[in-house]
Amino acid sequence: MKQTIHGGSFRRMIINAAASIEIQKQALNELNVFPVPDGDTGTNMSMTINAAANDLRKLDNPTLDQVASAAASSMLRGARGNSGVILSLLFRGIGKRLKGCSACDGVLWASALQEGVDAAYKAVMKPAEGTILTVARLAAAKAKRAAAENNHIEYVHQAAIAEAKIALANTTNQNPVLKKAGVVDAGGKGWLVALEAMLLALRGEDVIVPENLAFADTKESADFSDFDTEEITFTYCTEFIISRENDMDPEKLRDFLSSLGDSLVLVDDEEIIKVHVHTNDPGKALHEAMDYGSFVTVKIENMRLQHTEKVMSEQELAPKIAKPTKPFGVVSVCVGKGIAEVFKNLGVDGLISGGQTMNPSTQDILEVVNKVPAETVYVLPNNKNIIMAAQQVDALTPKNVVVIPSKTIPQGVTAMLNFNSEGTNEENTEAMTEALATVDTMQITYAARDSDFDGHLIHEGDYLGIYGSSMFGTSKDIKVLLRAMAKKVNKSGKEYITIYYGEDITEKQAQKAAALFSEICPDADVNLLPGGQPVYYYLISAE
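What counts, and where the lines are drawn
Residues numbered from 1 in each chain as written. Predicted model: local features only at pLDDT ≥ 70, side-chain atom pairs only at ≥ 80, totals over all residues. Heavy atoms only, no water. Helix = DSSP H or I, 4+ residues; strand = E, 2+ residues; numbered from the N terminus. Buried < 20%, exposed > 50% of the residue type's maximum accessible area, 1.4 Å probe, protein only. Contact = heavy atoms within 4.5 Å. Areas by Shrake-Rupley, 256 points an atom, 1.4 Å probe, with all protein chains shown as cover. 1 Å grid on protein atoms, 1.4 Å probe; cavity = no way out; pocket = protein on both sides within 12 Å on 5 of 7 lines; lining within 4 Å. Points joined across faces, edges and corners; volume = space filled by probe spheres on them. Nonpolar A, V, L, I, M, F, W, Y, C, P; charged D, E, K, R; others polar. Expected span 1.5 Å × (residues − 1). Patch = residues over 30% accessible without salt bridge, like charges linked within 9 Å, V, L, I, M, F, W, Y side chains within 5 Å. Salt bridge = Lys/Arg side-chain N within 4 Å of Asp/Glu carboxyl O. Lys, Arg positive; Asp, Glu negative; His and termini not counted. Charge placed at Lys NZ, Arg CZ, Asp CG, Glu CD. Axes fitted to C-alpha atoms, helices over the stretch in contact; angles between N-to-C directions. Parallel < 35°, antiparallel > 145°, perpendicular 65-115°, else oblique. Left-handed = near helix turned anticlockwise from the far one by under 90°.

Draft legend 1. Up close: the overall build of the protein chain. The helix and strand tally for the protein chain stands at 19 helices and 16 strands. Buried residues in the protein chain amount to 51% of all 543 residues. A separation threshold of at least 6 residues defines the contact pool for the protein chain, and within that pool the share at least 24 residues apart is 71%. Per element, the accessible surface of the protein chain, about 24,700 Å² overall, is 49% carbon and sulfur.

Next comes the structure, spelled out in structure tokens:
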């Protein structure tokens, strides 16, 4: 029975977990109770942890500290969807506890699992029982008790798995929706899959992804072939991590470093300050930083001498961050050519492709935010499963990032209509957030599988209507759903109706839908727009 692990073992554990989740991602997707064709828990968890696995494969004989740090950083940036963000936070907490350690025994591993749980719970506004959080919390508590009995990491990890299985089975009873569907929580199952794969690694067994399922390294390589060294304004790429030892405000350090150079990225938490800056005087940067604590790592490289593609691919490059030319900017997540045009016409600075079936990662959102030449950037996720990923961006950029928690495209459009480029940050945040409640969203898609949900017996292929966040009804005839929705809108007294029709709907079909709403809602102003969105035949906004 394995007593301790080091860097190589921990890397093997994470790579095993990534492979196992990749293999089972479709099974995890299908555990999503709501039968719309966007059940993506498995996909999001797989893409999140494989962001780390891909980076870990590139490390040569890493220490435990290096593996923990690299995994946490990669997953944070690669996190997709709520399940992916929570998974990244679990590993971020684990990495925080293993920081500076050369080996990990059972007691330390139990503490690391608990640190991961603490990080995840801290990030969730209203933690609910019967989710991945519950499974992770109970497994970590069991691991602590087991460590008091036996300090072997394999013994402790086995105990955590045994408790995770019990906790996962009980999620069905803790969540009425899961109980009715007779399934367990998808995220909790994903965490159990990861834990079991890590145990195999402890026992010297590798999880091999079948060739037809093998994941690809989705990281794109930057092309520096046209870059001239004369364009380098500041010679030295200076990076360091400080162990925080006092209460001095890191913003003061940020201001000082801003005056020394460019490409500044400063990220801090309770324990460290991490800095990347391009400057001609790294000595001044380091001297100022000493007031905040002791150096953990320091790296200074001459970018003129090291201007080769090989070197650039091996070092962590600072993101290109647009210098502010205005106080506010907005980025929006959406999919569909027509919907993208709507946001552009409303003044959105940057668009992020994503939504149902494909949630953008934190890194995807970060890259677009950094390109906006504004001091404060508002992010419109327009999907409840993207909000948490968007909320991680603020800590990764010097820009002030404000997430307006829009859950649908119509909410995002309404929020944008309430944006005032001449207002204050507080005024815009309040106005855009409050506007979300003024719009009703209706959606029509199809059922991806048979289901019994919220009193509705659903058959695969049925048209499925959603009103707000609730199931509205199903039918073999889409006109039945459209008519019922129009009647509900008319009864609510809404005055403005906008219908976005999807890529699978013809203009003629859409015009008939608009005519139906005009007939049933004679006092409302009905507008028809080609949204071009996939998956959803119609997105309908009523205000």
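Draft legend 2. Region of interest: empty space enclosed by the protein. This model, assessed by the stated rule, comprises one cavity of 30 Å³ or more. As a volume, the largest cavity reaches approximately 60 Å³. At the level of secondary structure, the elements contributing two or more residues to the lining of the largest cavity comprise α4 (81-98), α5 (106-123), α6 (132-149) and α9 (186-202). In terms of residue class, the lining of the largest cavity is made up of ten nonpolar, one polar and no charged.

Draft legend 3. Summary view of helix α3 (residues 64-78). Compared with the 21 Å implied by 1.5 Å per residue over 15 residues, the 21 Å span of α3 between its first and last C-alpha is a close match. For α3, the full list of buried residues reads Leu64, Val67, Ala68, Ala71, Ala72, Ser74, Met75, Leu76 and Gly78. Packed against the buried residues of α3 are α1 (7-29), α2 (41-56), α4 and α14 (362-371).

Draft legend 4. Representation of a negative patch on the surface in the model. Side chains of Glu426, Glu427, Glu430 and Glu434 sit close together on the surface and give a patch of like negative charge. Relative to the elements of secondary structure, Glu427 occurs in helix α17 (residues 425-435). For Glu427, a relative accessible area of 48% translates into the label partly exposed.

Draft legend 5. Molecular detail of the packing of α3 against α4. Packing of α3 against α4 leaves a shortest axis separation of 8 Å and a crossing angle of 155°. Taken together, the axes of α3 and α4 are roughly antiparallel relative to one another. When you trace α3 past α4, the crossing you get is left-handed. Of the residues in α4, those in contact with Leu64, Asp65, Ala68, Ala72, Met75 and Leu76 of α3 are Leu87, Ser88, Phe91, Arg92, Gly95 and Leu98. Partitioning the contact of α3 with α4 into residue classes produces eight nonpolar, two polar and two charged.

What is shown is where atoms sit, not what they do.
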